[in-house]
Amino acid sequence: MSALTRERIVTEARRWLGTPYRHQASVMGAGADCLGLVRGVWREVIGPEPERAPGYTPDWAEMLGQETLLDAARRHMREVAIGEAMDGDVVLFRMALGAPARHAAIISGEDRIIHAYWGRSVCETRLVPWWRRRMAAAFQFPGVR
């Protein structure tokens, strides 16, 4: 397998653009949520997923009050300072102050992210202040250069 580059991660994430939002799904063109997008990119650029994603409801983070997504990212990716995150890195967001991280995106360029969220297909959007204020952590895929 060739070296894992940031460009390759972003190129793969962009292949998912337009995939309809589907809760818990991770199938390019058929459906994905934010975690499904990251899982799908992982499968293409790394290989098999390192663990099975458990079933989850749309309000799982609020109901459990646990850092399930953040803990899983820490098990399988290298955490980097938010201010040092670059193209191809995964960023996690807290949708409310003090709430667990529950949304994921892939940085695709300066002030740009690729993500999926309720009511939107996988899309590339600006990393506007609203999203920046909610950033909780950033991670590199294993082996990225």
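First things first, this report covers the structure right here in the doc. By convention here, each chain's residues receive numbers from 1 onward along its written sequence. Only residues with pLDDT of at least 70 are given local features in this predicted model, and only at 80 or more are side-chain atom pairs given and counted; all residues enter the totals for whole chains, interfaces and linings. Water and hydrogen atoms were dropped before computing side-chain values, which therefore reflect all heavy atoms in the structure.

Only DSSP runs of H or I covering at least 4 residues are called helices, and only runs of E covering at least 2 are called strands; the numbering of each starts at the N terminus. Across its full length, the protein holds five helices and eight strands. Throughout, a contact is declared for two residues whenever any of their heavy atoms are within 4.5 Å. Within the protein, contacts between residues separated by at least 24 positions form 56% of all contacts whose residues are at least 6 apart in sequence. Values of accessible area rely on a 1.4 Å probe in the Shrake-Rupley scheme; residue burial ignores everything except the protein chains shown. With the model as given, the accessible surface of the protein reaches about 7,600 Å², and the carbon-plus-sulfur share is 53%. The charge count treats Lys and Arg as positive and Asp and Glu as negative. His and the chain ends do not count. Working definition for charges: the position is that of NZ of Lys, CZ of Arg, CG of Asp or CD of Glu. When the 20 basic and 17 acidic side-chain charges of the protein are each reduced to a single mean position, those positions are 2 Å apart.

A separate point is helix α4 (residues 68–76). Exposure is judged per residue with a 1.4 Å probe applied to protein chains only, and the accessible area is read against the type maximum: over 50% gives exposed, under 20% gives buried, and values in between give partly exposed. Of the positions making up α4, those classed as buried are Leu69, Leu70 and Ala73. Projected down its long axis, α4 carries its buried residues within an arc of 100°, all on one side. What the arc describes is the spread of directions from the helix axis to the C-beta atoms.

To continue, consider the sheet that holds strand β5 (residues 101–109). Spatially, six strands are ordered β3-β8-β4-β5-β6-β7 in an open sheet, and the strand pairing comes out antiparallel. Looking at strand neighbours, the two that pair on one side only are β3 (78–80) and β7 (120–126), the edges of this open sheet. Each neighbouring strand pair of the sheet contributes to a mean axis angle of 35°, computed without reference to strand direction. Note: strand β4 (residues 90–94) against strand β8 (residues 135–140), four bridges, orientation antiparallel. Following the sheet pairing, Val91 is matched in β8 by Ala138. To obtain each axis, a line is fitted to C-alpha atoms, and for helices this fit is confined to the stretch in contact; angles are then taken between N-to-C directions over 0 to 180 degrees. Packing against the sheet, helix α2 (residues 34–45) makes contact with β4, β5, β6 (112–117) and β7, and its axis sits at approximately 50° to β5. A pair of strands is considered paired only if DSSP assigns at least 2 bridges between the two.

Each Phe, Tyr or Trp ring (for Trp, its six-membered ring) is paired with any other whose centre lies within 6.5 Å, and the angle between the two planes then decides the class: stacked below 30 degrees, edge-to-face above 60, tilted in between. One pass over the full model with this rule turns up five aromatic pairs. Note on Tyr21 and Trp118: the rings are 5.6 Å apart at their centroids and 75° apart in plane angle, and the pair reads as edge-to-face. With Tyr21 in the loop between α1 (6–15) and β1 (26–27) and Trp118 in the loop between β6 and β7, this pair connects stretches of sequence that are 97 residues apart. Exposure remark for Tyr21: the relative accessible area of 18% places this residue in the buried category.

Take the environment of His76 next. Positionally, His76 belongs in helix α4. Sequence separation between His76 and Leu37 is 39 residues; the distance between their C-alpha atoms is 16 Å. In this structure His76 touches Trp42, Pro50, Glu51 and Pro142, once residues within four positions along its chain are discounted. Polar contact criterion, stated in full: a pair of N or O atoms within 3.5 Å, where within protein one must be able to donate a hydrogen and the other to accept it, and residues adjacent in sequence count only if both atoms are side-chain atoms. Among the polar contacts made by the side chain of His76, one reaches the side chain of Glu51 at a distance of 2.5 Å.

Helix-helix packing: each pair is described by the crossing angle between the helix axes and the interaxial distance. Look at α1 against α2: their axes get within 10 Å of each other, and the N-to-C directions meet at 125°. It follows that α1 is oblique to α2 by the angle criterion. Judged by the sense of rotation from one axis to the other, the crossing of α1 with α2 is right-handed. Facing α1, whose interface residues are Arg8, Ile9, Glu12, Ala13 and Arg15, α2 presents Leu37, Val41, Glu44 and Val45. In the contact of α1 with α2, the residues fall into five nonpolar, no polar and four charged. Here is the rule for angles: anything less than 35 degrees is roughly parallel, anything more than 145 is roughly antiparallel, 65 through 115 is roughly perpendicular, and the remaining ranges are oblique. In this scheme the crossing of two helices becomes right-handed for a clockwise turn of the near helix relative to the far one and left-handed for an anticlockwise turn of less than a right angle. Each residue gets one of three labels, nonpolar for Ala, Val, Leu, Ile, Met, Phe, Trp, Tyr, Cys and Pro, charged for Asp, Glu, Lys and Arg, and polar for the others, Gly among them.

Bringing the side chain of Arg6 into the picture now. Within the secondary structure, Arg6 sits in helix α1. Excluding residues within four positions of it along the chain, Arg6 makes contact with Met86, Asp87, Gly88, Asp89, Gln140, Val144 and Arg145.

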